[in-house]
Amino acid sequence: MVDPLFGHPRLAALYDVLDSDRGDLDAYLGAVEEFGARTVLDIGCGTGVFALLLAERGVDVVGLDPAGASLDVARAKPGAERVRWVHGDVTALPPLRADLATMTGNVAQAITCPEAWRRTLRGAHRALRPGGHLVLETRDPARRAWEEWTRDASRRVTHVPGVGAVDNWVEVTAVDGPLVTFRWTFVFDSDGQALTSDSTLRFRERDEVAADLAAHGYVVEDVRDAPDRPGREFVFVARAAGSAEGDGSARGVEGEGDADRSLGEDQVGAQG
């Protein structure tokens, strides 16, 4: 199921304005340069912000997302013809040999079903050339970011060009172990329409993510700090090696670095 925030045309059209600070992408732009990536798979590309930044730099990009409304926004942007847009999950991908696959923002955490998570890791591995890299981020559960997702802390009115004033806020509705469910509310001043979008994120421990990657044919080369939210997120850098089905040949962390992408300073978003 696609969250209305990304799947409803009226909400998808707001996303770039409400989430205009994309300092979180610096880590991924750095990875493209670090690994000399010429072909990149952007998993959960959303409205295409990262994919289009790469395309402007001459990188061959495949933008993958299950939300058709978000892809419609991406396809309407200048330069969109430079990106190969794919509607669906990893099972919809054509054969690829990408240098780098990315899951920016909340993409990794938004995959809450264990089987869907395993399928995504396998699919990303198949899409990478041997020795290619997967880079993803996930919030550190110990920081309990969801405690800051309250109506009082998040409410704001944004003036959206061509739309008018939009009042929006987020509230947590349930915490069940590693799963945190929250609801975004949007009220359009122009006609009074109120739309809501419920989302759930899975907060995985650092060791859990490392073990999942190792079990699906990756070697975790580094776990870095997120430059936009120091001390709050883990950025995993993993190299594709061994079998994507998980033969146990790739284990552990070869190197370690320092141990919330948002719709607002400490709020929540979910796409790239």
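Check the entry above for the structure.
This is a predicted model, so every value here is computed, not measured.

Trainee: Would you explain the sheet that holds strand β7 (residues 164-176) in this entry?
Mentor: Backbone hydrogen bonds are what pair the strands of a sheet, in a parallel or an antiparallel way. Read from one edge of the open sheet, 4 strands run β6-β7-β8-β9, paired in antiparallel fashion. Taken across any chain shown, the strands that pair with only one partner, and hence form the sheet edges, are β6 (156-160) and β9 (194-202). Going across the sheet, the axis of each strand differs from the next one's by a mean of 30°, ignoring polarity. Where β7 meets strand β8 (residues 179-188), 10 bridges bridge the pair, whose relative direction is antiparallel.

Trainee: Help me understand the pattern of salt bridges, please; the structure alone is not making it clear to me.
Mentor: What the rule picks out here adds up to 16 salt bridges. The shortest N-O distance in the salt bridge between Asp99 and Arg129 comes to 2.7 Å. In this pair, Asp99 sits in strand β4 (residues 98-103) while Arg129 sits in strand β5 (residues 128-139), placing the two residues 30 residues apart along the sequence. Look at Asp99 and you get buried, because its relative accessible area is 13%. Residue Asp167 pairs with Arg155 through a salt bridge whose shortest N-O separation is 2.5 Å. On the criterion of sequence distance, the pair formed by Asp167 in strand β7 and Arg155 in the loop between α9 (151-154) and β6 is long-range, its members being 12 residues apart. Taking the relative accessible area as the measure of exposure, Asp167 reaches 15% and is therefore buried.

Trainee: What should I look at first to understand unusual backbone geometry in this one?
Mentor: Apart from glycine, the bulk of residues carry a negative phi angle, and the bulk of peptide bonds sit in the trans form. A positive phi angle is found at Arg144, which is not glycine, with a value near 50°. Within the secondary structure, Arg144 sits in the loop between β5 and α9.

Trainee: Whenever I open this one, the environment of Thr91 confuses me. Can you help?
Mentor: By the element assignment, Thr91 lies in the loop between β3 (83-87) and β4. Residues Thr91 and Gly123, spaced 32 residues apart in sequence, show a C-alpha to C-alpha distance of 6.8 Å.

Trainee: It is not clear to me how the nonpolar core should be interpreted in this structure. Could you clarify?
Mentor: Side chains of nonpolar character tend, in soluble globular proteins, to be buried together. Within the largest apolar cluster, 32 residues are counted, with the highest numbers of intra-cluster contacts made by Leu41, Ile43, Met103, Leu134, Leu136, Leu213 and Phe236. At 5 residues, helix α8 (residues 114-127) tops the list of elements feeding residues into this core. The next biggest cluster of nonpolar side chains, apart from the first, holds 25 residues, and it includes Leu29, Ala51, Ala55 and Trp85.

Trainee: What's the story with the packing of aromatic side chains in this structure? I'm lost.
Mentor: The geometry of an aromatic ring pair comes down to the distance between the two centres and the angle between the two planes. One pass over the full model with this rule turns up 7 aromatic pairs. With centroids separated by 5.3 Å and ring planes inclined at 70°, the aromatic side chains of Trp149 and Phe182 adopt a geometry described as edge-to-face. Of the two residues, Trp149 sits in the loop between β5 and α9 while Phe182 sits in strand β8, which places them 33 residues apart along the sequence. The buried category is assigned to Trp149, whose relative accessible area is 1%. Consider the rings of Trp184 and Phe186, whose centres lie 5.9 Å apart with planes at 25°: the pair is stacked. Note on Trp184: relative accessible area 0%, which makes it buried.

Trainee: Help me understand the side chain of Asn168, please; the structure alone is not making it clear to me.
Mentor: Summarising the element assignment, Asn168 is placed in strand β7. Classification of Asn168 by relative accessible area gives buried; the value is 1%. In contact with Asn168, not counting residues within four places along its chain, are Leu18, Ser154, Arg155, Arg156, Thr158, Trp184, Thr185 and Phe186.

Parameters at a glance
The residue count restarts for each chain, going from 1 along the sequence in the order it is written. Totals for whole chains, interfaces and linings use all residues, but because this is a predicted model, local features are given only for residues with pLDDT of at least 70 and pairs of side-chain atoms are given and counted only at 80 or more. Calculation of side-chain values draws on the structure's entire complement of heavy atoms; hydrogens and water are dropped beforehand. One bridge is not enough; two strands pair if DSSP finds at least two bridges between them. A run of DSSP states H or I qualifies as a helix once it reaches four residues; a run of E qualifies as a strand once it reaches two. Both are numbered from the N-terminal end. The convention used is that axes are lines fitted to C-alpha atoms, helices contributing only their stretch in contact, and that angles between N-to-C directions extend from 0 to 180 degrees. Each salt bridge in this description consists of a side-chain nitrogen of Lys or Arg and a carboxyl oxygen of Asp or Glu lying within 4 Å of one another. The classification of residues rests on relative accessible area computed with a 1.4 Å probe and restricted to protein chains. Under 20% of the type maximum is buried, over 50% is exposed, and intermediate values are partly exposed. To form a nonpolar core, buried Ala, Val, Leu, Ile, Met, Phe, Trp, Tyr and Cys residues must be joined to one another through side-chain atoms within 4.5 Å. The rule is short: rings of Phe, Tyr and Trp, with Trp giving its six-membered ring, pair when the centres are within 6.5 Å, and they are stacked under 30 degrees, edge-to-face over 60, tilted in between. In what follows, residue pairs with any heavy atoms lying within 4.5 Å of each other are defined as contacts.

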